[in-house]
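Coordinate inspection notes
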Amino acid sequence: MTDEATLEVRDLTTRYGPVTALDGVNVRARPGEITAVLGANGAGKTTLLRSISGLVRGTDGSVLLGGRDMSRAPVEAIARAGVAHVPEGRGVITELTVEENLRLGDLLGATRPQRRHRLDGVYEMFPALAERRRQEASSLSGGERQMLVIGRALLSGPEVLLLDEPSLGLAPRIVTQLFGLLRDLVDRDGLTVLLVEQNARSALAIADTGFVLNLGRVVAADAADTLAADDELRHAYLGF
Amino acid sequence: MQQFLNVTLGGLSQGAIYAAFALALVLIWRATRIINFAQGSMAMFSTYIALVLIESGQSYWAGFAAALLAGLVLGALIERVVIRPVEGGPELNAVIVTLGLFVAIQALAAILFGASFESFPAPFGLSGFSVGEFTVAFTPFSAFVIGSVVVVMLALVALFRFTDIGLRMRASAFNQEVARLLGVRVGNMLTLGWAFAAVVGSLAGLLIAGGNLVHPAYMDPVIVYGFVAAVLGGLESPAGAVVGGLLIGLALSYVSGYLGSELVTLAALGILVAVLLVRPHGLFSRTTARRV
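Overview of the structure. Counting of residues starts from 1 at the beginning of each chain's written sequence and follows it residue by residue. Lettering for chains starts from A, numbering for ligands starts from 1, and both go in the order in which the items are written. Given that this is a predicted model, residues contribute local features only at a pLDDT of at least 70 and side-chain atom pairs are listed and counted only at 80 or more, while totals for whole chains, interfaces and linings are drawn from all residues. With hydrogens and water stripped out, all remaining heavy atoms of the structure feed into the side-chain values.

Quick look at the overall build of chain A
Rules: A run of H or I in DSSP becomes a helix once it reaches four residues, and a run of E becomes a strand once it reaches two; helices and strands are each numbered from the N terminus. Only the C-alpha atoms count toward the radius of gyration. The rule for a globule is 2.2 Å times the residue count to the power 0.38. For every residue, the accessible area obtained with a 1.4 Å probe (protein chains only) is divided by the maximum for its type, and the residue is called buried under 20%, exposed over 50%, and partly exposed between those limits. Working definition of accessibility: Shrake-Rupley area with a 1.4 Å probe, residue cover restricted to the visible protein chains. Neither His nor the chain ends is counted toward charge; the positive residues are Lys and Arg and the negative residues Asp and Glu. Note that the charge is assigned to NZ on lysines, CZ on arginines, CG on aspartates and CD on glutamates.
The helix and strand inventory of chain A stands at 10 helices and 10 strands. For chain A, the C-alpha radius of gyration of 17 Å lies close to 18 Å, the compact-globule estimate for 240 residues. Taking the principal axes of its C-alpha atoms as reference, chain A extends roughly 50 × 40 × 35 Å. The buried share among the 240 residues of chain A stands at 54%. Total accessible area on chain A stands at roughly 10600 Å², and carbon and sulfur atoms take up 48% of it. Taking the average place of the 27 positive charges on the side chains of chain A and the average place of its 32 negative ones, the gap between the two points comes to 6 Å.

Some remarks on the packing of helix α9 (residues 220-232) of chain B against helix α10 (residues 238-259) of chain B
All names here are of chain B. The criterion, for reference: Orientation is described by axes fitted as lines to C-alpha atoms, over the contacting stretch for helices, and by angles from 0 to 180 degrees between their N-to-C directions. Roughly parallel here means an angle under 35 degrees, roughly antiparallel means over 145, roughly perpendicular means 65 to 115, and every remaining angle is called oblique. Helix crossings fall into two classes, left-handed where the near helix is turned counterclockwise from the far one by less than a right angle and right-handed where it is turned clockwise. In this description, contact between two residues means that some pair of their heavy atoms is separated by no more than 4.5 Å. Note on residue classes: Ala, Val, Leu, Ile, Met, Phe, Trp, Tyr, Cys and Pro are nonpolar, Asp, Glu, Lys and Arg are charged, and everything else, Gly too, is polar.
At a minimum axis distance of 7 Å, the contact between α9 and α10 shows a crossing angle of 125°. When the axis of α9 is compared with that of α10, the two are oblique. Once α9 is placed against α10, the crossing between them reads as right-handed. Taking contact as the criterion, the partners of Tyr225, Val228, Ala229 and Leu232 in α9 are, on α10, Gly240, Ala241, Gly244, Gly245, Leu247, Ile248 and Leu252. Residues that form the contact of α9 with α10 fall into these classes: 8 nonpolar, 3 polar and no charged.

Notes on a negative patch on the surface
Residues and elements named next belong to chain A. Note the following rule: Residues with no salt bridge and a relative accessible area higher than 30% make up the patches, which join like charges within 9 Å and nonpolar side chains (Val, Leu, Ile, Met, Phe, Trp, Tyr) within 5 Å. What makes a salt bridge here is a side-chain nitrogen of Lys or Arg within 4 Å of a carboxyl oxygen of Asp or Glu, nothing more.
Residues Asp222, Asp225, Asp230 and Glu232 make up a contiguous surface patch of negative charge. The topology assignment puts Glu232 in helix α10 (residues 231-238). The exposure class of Glu232 is exposed, given its relative accessible area of 67%.

A closer look at the side chain of A:Asp164
Residue and element names in this part refer to chain A. The test is simple: Under this definition, polar contacts are N or O atom pairs within 3.5 Å; protein pairs additionally need one hydrogen-donor-capable and one acceptor-capable atom, and for neighbouring residues in sequence, both atoms have to be side-chain atoms.
In this fold, Asp164 is placed in strand β7 (residues 160-164). A relative accessible area of 2% means that Asp164 is categorised as buried. Among the polar contacts listed, one links the side chain of Asp164 to the side chain of Thr46, at a separation of 3.0 Å. Once residues within four sequence positions are removed from consideration, Asp164 is found in contact with Thr46, Leu49, Val86, Pro87, Glu88 and Val196.

Examining the sheet that holds strand β4 (residues 60-65) of chain A
Residue and element names in this part refer to chain A. Rules: The pairing criterion is simple: DSSP has to find at least two bridges between the two strands.
With antiparallel pairing, 4 strands are arranged side by side in an open sheet as β2-β1-β4-β5. Each end of this open sheet is capped by a strand with a single partner; those strands are β2 (19-29) and β5 (68-69). In terms of strand pairing, β4 meets β5 through 2 bridges, oriented antiparallel. Bridging across to β5, Leu64 finds its partner in Asp69.

Quick look at unusual backbone geometry
We note that A:Asp11 has phi near 45°; this positive angle belongs to a residue other than glycine. The exposure class of A:Asp11 is partly exposed, given its relative accessible area of 46%. For B:Leu235, which is not glycine, the phi torsion reads 65° and is therefore positive. Here B:Leu235 lies in the loop between α9 and α10.

Considerations on the nonpolar core
To keep it simple, the criterion reads: Within this scheme, the nonpolar core is defined by two criteria: the residues are buried Ala, Val, Leu, Ile, Met, Phe, Trp, Tyr or Cys, and they are joined through side-chain atoms within 4.5 Å.
Core analysis: the largest hydrophobic core is formed by 96 residues, its most contacted members being A:Leu104, B:Ile78, B:Phe120, B:Met219, B:Ile248 and B:Leu252. Among residues more than four places away in sequence, those in contact with B:Phe120 are B:Thr47, B:Ala50, B:Leu51, B:Ile54, B:Tyr60, B:Leu206, B:Ala209, B:Gly210, B:Gly211, B:Asn212 and B:Val214.

Comments concerning the interface of chain B and chain A
Put simply, the rule reads: As used here, buried area is the combined drop in accessible area, with a 1.4 Å probe, of two parts when they are placed together.
Between chain B and chain A, the residue contacts involve 20 residues of the former and 25 residues of the latter. For the pair chain B and chain A, the two sides together bury roughly 2200 Å², of which 54% comes from carbon and sulfur. On inspection of chain B and its partner chain A, the count reaches 5 salt bridges. The shortest N-O distance in the salt bridge between B:Arg170 and A:Glu100 comes to 3.0 Å. The interface formed by chain B and chain A contains 6 residue pairs in polar contact (both at pLDDT 80 or more). Listing elements by their share of the side of chain B that touches chain A, those giving two or more residues are α5 (140-162), α6 (164-174) and α7 (176-181) of chain B. Classifying every residue of the side of chain B that touches chain A gives 9 nonpolar, 3 polar and 8 charged.

Let's talk about the side chain of B:His215
All names here are of chain B. Checked against the element boundaries, His215 lands in the loop between β4 (213-214) and α9. Accessibility expressed as a relative area gives 18% for His215, which makes it buried. Once residues within four sequence positions are removed from consideration, His215 is found in contact with Met44, Tyr48, Ala115, Ser116 and Phe117.

Quick look at the structure:
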């Protein structure tokens, strides 16, 4: 099974000064699957994503991408290797227009007609963005911003998609839509998705596997429906 | 009336130079949140390179091109070697480093090129055009000054608006973390930002020098005027820097023409204080808070 994983986090420990945010974490995510990372506030979910994309350096352990150790690579090299990290709430460059934000997702090695085609694909997926392509991204609502960053991440044609709380601040109807879309993409393109969510119920509903983090440690790892059926675990860590 | 026309025309061509200089400051501020006090010294140094070439028998244009190229290299080199280590640290560190460079580059120029005044040629005539029986204070060289500043600005607008590299540079300036997550090599973009800024600064240095005397400190007043122009424009906005530069050029020209040239520096500082009191974010900035 090990060689199947596109993304593997091995014994990762990340410290912020005296605080240990991640303590020997092992996580594996396979192509064509959505892997949910669950846990309460401060469990280390965001730190895990930031350690994978290189924004935070682990003090110990490693991050493997398709078997290659990326734990010392710079952020932009990890991005170029096919990891698209959508950070929580702050991914929009508000000073640029909607289309400029999107174009930034697709700078690496595509021809102009290819890019145009992919851009049109995103506009088709999110018609709200097409209407506002020339407007500054600061004028977008929370939901539209979320569409923008996800559309932009998909434009880069990533192998691994790291989503940090994509449902935050979105209306339930839009969350359902978004997760449905995500599921389709994963099934169609064999994307590897690591989904960080506080809303464990809806995350487990679309995920294949899940990990539960508590105080920087993995306390459970199993198939999504097994996790969702575990009453004890749900009450202790997942809050539903 | 004739004096007003003369003073206005003179102000516009000086203003174009201040605009270029202010633009250089704004480019660096936007990219790295650093006020580059060494901008004037860097421009002076590249102008001296042009002078050396011209005095060795090369054409003005060869010197002109070499100076812009020298600016490009100098800007990139200084960012990589001197500025990079203090980027992201306390703001005061970067300020002190650029002030140190300001002095060091002038000292180096004095050692290499001498500290005496030397005349710098102009590629076009320096006597005013005649309109009817009057001769106005607008020379072929003034036209060249304004024209070259306009060309450089249009080139920058095109670069930032229409090219991928320009988009990457803007993304790096506005949000480094997001830019890096999208695979932009932010470090290279910052180096490029300094390099382009230094080219624009060098252009200002060459234009100020044309038909005048140069010495290692000849850019010092321009730093003050360019800085006032940049603050007037809000420090964030390239368009603001251009308008600020033209306004400062005009204002100082009126002060010089009607009140006396000895008051020019004082007037520039007066404008700076007035702007900071009345509109601390400048005429064009949209940001609501700024620490300077």
